[in-house]
Amino acid sequence: MRAAVRAAWRIGTGAALRGRAGRPLSQAAGDGGGAEGGGGSGSREAVERLVREHPVVVFMKGSPEQPLCGFSNAVVQILRLHGVEDYRAHDVLQDPDLRQGIKNYSNWPTIPQVYLNGEFVGGCDILLQMHQNGDLVEELKKLGIRSALLDAEKDQEKK
């Protein structure tokens, strides 16, 4: 999947949708320390804990209730379209160490970043591409999450 992520990142696709979903933002445990080593919020260990704390984790600018960039907003809306409301969101604007730490951890230069079951998926462009080609429905299914889009399709077939 990583090759596809990098290829899609080079191609680039963007979308900014609007709305609300998810859980309130949470903060990394620990204080102090830098993006390298130590036990601070940007340390590899702290980031690893955050990535693995829940099946769906998003590092974004702002919160799901108030995204502060169009790309973060688009990620929130894509998850919302699929009915994914139980996820962890971390506002990197509240913690510069976390902001740099997540970039170092994933070796990915941009925010937002989406993790499914502890695995880095990509950012807005990748999630949008997965949404458009149906891969996101399949990845959510692996996590035991049924996409709301499947129910919407079923309702359309009945009409």
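Reading guide: rules and limits
- Residues numbered from 1 in each chain as written.
- Predicted model: local features only at pLDDT ≥ 70, side-chain atom pairs only at ≥ 80, totals over all residues.
- Heavy atoms only, no water.
- Pairing = 2+ DSSP bridges.
- Helix = DSSP H or I, 4+ residues; strand = E, 2+ residues; numbered from the N terminus.
- Axes fitted to C-alpha atoms, helices over the stretch in contact; angles between N-to-C directions.
- Contact = heavy atoms within 4.5 Å.
- Buried < 20%, exposed > 50% of the residue type's maximum accessible area, 1.4 Å probe, protein only.
- Arc of directions from axis to C-beta.
- Parallel < 35°, antiparallel > 145°, perpendicular 65-115°, else oblique.
- Nonpolar A, V, L, I, M, F, W, Y, C, P; charged D, E, K, R; others polar.

As annotated in an unreviewed UniProt entry, the protein is Glutaredoxin-related protein 5, mitochondrial from Geospiza parvula.

Caption draft 1: Examining the sheet that holds strand β6 (residues 119-122) more closely. If you walk across this open sheet you meet the four strands as β4-β1-β5-β6, and the pairing is mixed. Where the open sheet ends on each side, the last strands, each with one partner, are β4 (88-91) and β6. Looking at each pair of strands side by side, their axes are set apart by 25° on average, direction ignored. Sheet strands in contact with helix α4 (residues 96-106) are β1 (56-60), β4, β5 (113-116) and β6, and its direction is about 60° off that of β5.

Caption draft 2: Summary view of α4. Looking at α4, one finds that the buried residues are L98, G101, I102, Y105 and S106. Around the axis of α4, the buried residues are gathered within 115° of arc, so they sit on the same side.

Caption draft 3: Expanded view of the packing of helix α2 (residues 44-52) against α4. Between α2 and α4, the least distance of the axes is 9 Å, while the angle of their chain directions is 80°. Taken together, the axes of α2 and α4 lie roughly perpendicular to each other. Here α2 contributes R44, V47, E48, L50 and V51 to the contact with α4, which in turn contributes L98, G101, I102 and Y105. Within the contact of α2 with α4, the residues separate by chemical class into six nonpolar, one polar and two charged.

Caption draft 4: Geometry of the pairing of β1. By the criterion of burial, β1 is predominantly enclosed, with five of the five residues buried. Direction of pairing for β1 relative to β5: antiparallel, over a ladder of four bridges. Looking across to β5, one finds that V58 is bridged to V114. The pairing of β1 with β4 spans four bridges and is parallel. Bridge pairing in β4 links V57 to R88.

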